[in-house]
Structure formats: C-alpha cells, structure tokens
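Residue-level structure breakdown
So the chains spell out like this:
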Amino acid sequence: PALYMIGGFVGAVQEDDGLYTIADCHNTADFDNAGSNSGWNFMGGIAGKTISRQLVPGETSNYRLIVEECSSTGTISIAGPSKVRASGIVAQTQGAYRISGCTFSGAIESTDATKRDVVIGGIMAMADKECVGLVEGCTFSGRISAAQAGANNFFGGIYGNNGGAASVVNDCRTTASAYVGKSVGMLAGRPNKKGFTVSNCRIAGTVTNKQGAAVVITADNLEDWMFAGYGTSVAVTLKNNGYNDGK
C-alpha cells in the first residue's frame, strides 16, 4: 500500500472522530515495517497518524486530540525507501492536540538510506502546518538512530519537525541516557515555524554531529544542540531552558 499507519494502540485518528483521548496506555512491544518506494510510513509507539481539526480556526484551548500519561519502551524498526514519520508516542498530527506526561525510553531505528524525507522524534515526529499544540511534562530517555543524515532528515528527542507556529513545548526533559544519532537537535530537529515556543525544558544526552562524532551535551554546549536543523533558521521563543543535571 501507499500509506502505512501503525501505532501501538491506534493506527489513525480521523478528523470526524471528534474529541479523542488516549490516556494511561503503555506499550512494551517491538514492531517493524518496510515501506514501499512510493509510500508513506507513519509509526508511533502509541498512535500513528492523527488528524484533529480545531473547532474554531486559531483556537488555542480546545484540544481535539489528547494523549496523556502514556509510555513506550519498545523498539520501532523502519526499513525501505518510503517517507517516514516515526515517534515513541505520536508519529504525526494535524489540528489541535495536547500530549502530556508521556515518556519514551525505547529505540527508533531507520536502517535504510533514502533520499526521501525521514522525520523522527522521541515524543512527536511531525506536527503539520497550522497545528495548535502543546507538548508538556514529557521525557525522552531512549535512542534514535538512522542510516544517514541529510537535508530532508530531521531527528529530535522531543520533536522531529514542527510545522505549527502555535506549538508549545513546556517542562519536557531529555536525560543523560538519551541518544540521537546523526542528530539535528536533541530537543527538536527542525523548529521550522516562527513562533514555536519552548519553555522550562531541560536537556542532556548524546548526539552525533554531521561527521559522525559523538557529542555529549553539557551546560556549556546545550544551546548548540537544542536545535540544529540543517538549512533552518527561524525565531524560536525560548524561556527558562537549561541543562538536565539529573537533580
């Protein structure tokens, strides 16, 4: 098929499903998929592809998709040359959403090099354009690894690629055990939209740079590795973020 939508609990949520809540769900399973050359591959530890339109355009309080107090510890393995959206919690969302109190301590592995875009995030892979969203109180302590880095590949410990200017990440953590290989950002791979807000977050862990060398995040270099999207330069609102010293 041209479209794969795979989730530990929910493969897809459609906009006509109304208010959709996924709460207190915990995935320990491993799963893998090899997408076709012409296809899309959405894989999430909790949910795959979700669409949750706002009741009123621009509304910031009516979240139509709510994912809360969920966790995933399994390994997500992706092969084949398809476009990829993969995450420990939600692979992709459109519309109005809130993800809170979720953790991912598993692994995401993209094993095949491809010229097509690969977006991977520990909590959220891709928030599509015109999203209104909040990711709050979430923790990434797992591993993300891919066969290659490149201009169309975005990997991040919390977000892979944020397409919504109204998105907010608050009070999230990456831990010392977190690893993002061929990384473009421990917190977010690609901020993408002016107005993206990140507040009260603490990061730690290890990334690899474009040359493949491991870089341990410290209090001195964290600003270099919160966001490092290739070819991306936008005004991100940053408030009270810092190093996660484990205390």
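Residues numbered from 1 in each chain as written. Predicted model: local features only at pLDDT ≥ 70, side-chain atom pairs only at ≥ 80, totals over all residues. Heavy atoms only, no water.

1. Some thoughts on the layout of surface pockets
For clarity, the threshold we go by: Computed over the protein atoms alone on a 1 Å grid, cavities are sets of points where a 1.4 Å probe fits but cannot get out and pockets are open sets with protein on both sides within 12 Å along at least five of seven lines; a residue lines them when it has an atom within 4 Å of a point. Grid points are joined across faces, edges and corners, and a volume is the space filled by probe spheres set on the points. Only DSSP runs of H or I with at least four residues qualify as helices, and only runs of E with at least two residues qualify as strands; both kinds are numbered from the N terminus onward. Each residue receives one of three labels: charged for Asp, Glu, Lys and Arg, nonpolar for Ala, Val, Leu, Ile, Met, Phe, Trp, Tyr, Cys and Pro, and polar for the others, Gly being one of them.
As a volume, the largest pocket reaches approximately 160 Å³. Lining the largest pocket are Leu222, Glu223, Met226, Phe227, Val236, Leu238 and Asn241. Element by element, the count of residues in the lining of the largest pocket is highest for helix α1 (residues 222-226), at three residues. Counted by class, the lining of the largest pocket contains five nonpolar, one polar and one charged residues.

2. Notes on the sheet that holds strand β19 (residues 143-146)
Filter applied, for reference: Strand pairing follows a simple DSSP-based rule, namely that at least 2 bridges must link the two strands.
Pairing is mixed in the open sheet, where seven strands are placed in the order β5-β10-β14-β19-β24-β28-β29. Both edges of this open sheet fall to β5 (31-34) and β29 (214-216), since each of them pairs with a single strand only. Bridging between strand β28 (residues 206-208) and β29 involves three bridges; their strand directions are antiparallel. Counted as the bridge partner of Thr206 is Val216 from β29.

3. Re the sheet that holds strand β1 (residues 3-7)
To keep it simple, the criterion reads: In this description, a line fitted to the C-alpha atoms serves as the axis of each element, helices being fitted only across the stretch in contact, and the angle between N-to-C directions of two axes falls anywhere from 0 to 180 degrees.
Read from one edge to the other, the open sheet built from five strands follows the order β1-β6-β11-β15-β20, with strand pairing classed as parallel. Each of the sheet's edge strands pairs with one partner strand only, and the pair in question is β1 and β20 (153-156). With direction set aside, neighbouring strand axes in the sheet form an average angle of 5°. Here five bridges tie β1 to strand β6 (residues 40-44), and the two strands are oriented parallel to one another. In the strand pairing of β6, Met5 is matched with Phe42.

4. Comments concerning unusual backbone geometry
For Glu69, which is not a glycine, the phi torsion comes out positive at approximately 55°. With respect to the helices, strands and loops of the structure, Glu69 is situated in the loop between β8 (65-68) and β9 (71-72). Look at Asn240: it is not a glycine, yet its phi comes out positive at around 55°. Relative to the assigned elements, Asn240 resides in the loop between β30 (237-239) and β31 (242-243).

5. Considering the pairing of strand β12 (residues 90-100)
A regular strand carries its side chains on alternate faces of the sheet. Counted only if it meets this: Each residue is assigned to one of three classes by its accessible area relative to the maximum for its type, calculated with a 1.4 Å probe on protein chains only: buried under 20%, partly exposed between the two thresholds, exposed over 50%.
When you tally the buried positions in β12, you get eleven out of eleven residues, the bulk of the element. Alignment of strand β7 (residues 47-52) against β12, held across five bridges, turns out to be parallel. In the sheet register, Ala47 faces β12, and the bridge partner there is Val90. Note: β8 against β12, four bridges, orientation parallel. From the neighbouring strand, Glu68 faces β12, where its bridge partner is Ser100. Across three bridges, β12 lies against strand β16 (residues 124-127) in parallel orientation.

That's the geometry; what it means functionally is another story.
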